[in-house]
Amino acid sequence: MSDPAVVLDDLRRESEEVDQLVAESSEARWAAPTPAAGWTVAHQVAHLAWTDRAALLAVTDAEGFRAEAEKALAAPESFVDDGAAEGAALAPGELLGRWRVGRERLWTALATAPPGARFPWYGPPMSAASMATARLMETWAHGQDIADALGVLREPTARLRHVAWIGLRARDYAYLVRGIDPPAEPFRVEIVGPDGDVWAYGPEDSAQRITGPALDFCLLVTQRVHRDDTALVAEGDEAAHWLTIAQAFAGPPGGGRAAKEPS
């Protein structure tokens with residue numbers, strides 16, 4: 001996952017797929033509620049546009065980003081919702097246009113970033129490849145919320161590998177942001193991708209293991225599904241605990257999603 005060109009190409013494809021979900025939507029569909037409480041489809045797109053702008057600032061003006069981050073982190077419980085609400089108030093066409101322009105500017109900035117450069121973020125600093133991966137992860141996750149709201153079933157793709165990777169890399173962050181010391185032992189994760197390939201991470205002899213579908217793993221680390229509603233299997237107490245707090249995104253601890261009611 002270290003080649004920025006590969007991740008950037010997949011980021012563009014993921015963005016275009018989400019764009020297609022909303023491009024021809026009526027105003028009523030833009031106003032449809034999504035699984036995120038209080039967020040409509042417009043809020044989801046507005047959040048992507050807002051975060052792309054923040055990432056562009058981080059890549060092109062580190063000091064400017066730090067100043068904005070300080071303002072945001074002064075209101076950790078509301079700054080994400082406030083940014084989404086501001087964008088959602090725009091007309092759908094204007095909002096979509098802003099997202100398209102912003103994500104293209106970010107794509108260009110990341111594609112032309114100096115090798116080895118690292119950029120500030122709300123979590124740990126990121127390389128160009130990591131920043132692109134984070135944007136792909138967010139685009140996929142919020143795209144899932146949009147698809148759920150519109151009743152669209154998306155086919156999982158091999159691009160999920162990027163989401164899985166950043167979810168695993170963010171393991172320790174999920175603990176630290178909750179004031180918990182991360183486990184010293186690396187975990188073994190073996191998940192099955194959409195094409196039947198096994199994606200394996202971590203030492204083979206680890207006592208802490210997670211297996212199951214890659215889609216379920218990605219939905220869980222982006223907190224789009226409750227642990228109980230996945231087919232993931234955890235071996236070891238630490239692995240089982242991580243699956244209850246995992247988050248692939250920066251910022252305060254996520255609240256996750258409620259378990260589905262029994263049918």
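Residues numbered from 1 in each chain as written. Predicted model: local features only at pLDDT ≥ 70, side-chain atom pairs only at ≥ 80, totals over all residues. Heavy atoms only, no water.

**A short note on the pattern of salt bridges**
In step 1: Counted according to the given criterion, the structure contains 17 salt bridges.
In step 2: For E14, the salt bridge is made with R159, and the minimal N-O distance between the two is 2.5 Å. Of this pair, E14 sits in helix 1 (residues 4-22) while R159 sits in the loop between helix 7 (128-150) and helix 8 (160-169), placing them 145 residues apart in sequence.
In step 3: A salt bridge links R135 to D52; the shortest N-O distance between them is 2.7 Å. A residue pair is termed long-range when its members are at least 10 positions apart, and R135 in helix 7 and D52 in helix 3 (residues 41-60) qualify at 83 residues. Considered together, R135 and D52 belong to a single accessibility category, that of buried residues.
In step 4: Linked through salt bridges whose partners overlap, the residues forming this network are E14, E17, R154 and R159. (Salt bridge = Lys/Arg side-chain N within 4 Å of Asp/Glu carboxyl O. Helix = DSSP H or I, 4+ residues; strand = E, 2+ residues; numbered from the N terminus. Buried < 20%, exposed > 50% of the residue type's maximum accessible area, 1.4 Å probe, protein only.)

**Re the packing of helix 1 against helix 7**
In step 1: Interaxial distance between helix 1 and helix 7 falls to 9 Å at its minimum, and their mutual angle equals 20 degrees. If you check the angle between helix 1 and helix 7, you find them roughly parallel. The interaxial crossing formed by helix 1 with helix 7 has left-handed handedness. Mapping the contact onto sequence places P4, V7, L8, D10, L11, E14, S15, V18, L21 and V22 in helix 1 and A129, A132, T133, R135, L136, T139, W140, G143, I146, A147 and L150 in helix 7. (Axes fitted to C-alpha atoms, helices over the stretch in contact; angles between N-to-C directions. Parallel < 35°, antiparallel > 145°, perpendicular 65-115°, else oblique. Left-handed = near helix turned anticlockwise from the far one by under 90°. Contact = heavy atoms within 4.5 Å.)

**Some points on a negative patch on the surface**
In step 1: Taken together, the side chains of E185, E204, D205, D237 and E238 define an acidic patch exposed on the protein surface.
In step 2: Counting through the fold element by element, E185 comes out in the loop between helix 9 (171-176) and strand 3 (188-192). (Patch = residues over 30% accessible without salt bridge, like charges linked within 9 Å, V, L, I, M, F, W, Y side chains within 5 Å. Areas by Shrake-Rupley, 256 points an atom, 1.4 Å probe, with all protein chains shown as cover. Lys, Arg positive; Asp, Glu negative; His and termini not counted. Charge placed at Lys NZ, Arg CZ, Asp CG, Glu CD.)

**Here's the deal with the packing of helix 3 against helix 7**
In step 1: For the pair helix 3 and helix 7, interaxial distance at closest approach is 9 Å and the crossing angle is 170 degrees. Considered as vectors, helix 3 and helix 7 are oriented roughly antiparallel to each other. Where helix 3 approaches helix 7, its residues V41, Q44, V45, H47, L48, T51, D52, A55 and A58 are matched on the opposing element by M131, R135, E138, T139, H142, D145, I146, A149 and L150.
In step 2: Of the residues in the contact of helix 3 with helix 7, the class split is nine nonpolar, five polar and four charged. (Nonpolar A, V, L, I, M, F, W, Y, C, P; charged D, E, K, R; others polar.)

**So, helix 1**
Residues spaced three or four apart along an α-helix face the same direction, because each turn holds 3.6 residues.
In step 1: Relative to the 27 Å expected for 19 residues at 1.5 Å per residue, helix 1 spans 27 Å between its end C-alpha atoms, a close match to the ideal helical length.
In step 2: For helix 1, every residue scored as buried is listed here: V7, L8, D10, L11, E14, S15, V18, D19, L21 and V22.
In step 3: On its buried face, helix 1 is in contact with helix 2 (27-30), helix 3, helix 6 (92-111), helix 7 and helix 8. (Expected span 1.5 Å × (residues − 1).)

**Quick notes on the pairing of strand 3**
In step 1: As defined by bridge partners, strand 3 adjoins strand 5 (residues 209-213) across five bridges and the pair is classed as parallel. Paired with R188 across the two strands is R209, which belongs to strand 5.
In step 2: In the sheet, strand 3 pairs with strand 4 (residues 198-201) via four bridges, with the strands oriented antiparallel. Residue pairing for strand 4: I191 is matched across the bridge by W199. (Pairing = 2+ DSSP bridges.)

Everything listed is a geometric property; what it means functionally is a separate question.
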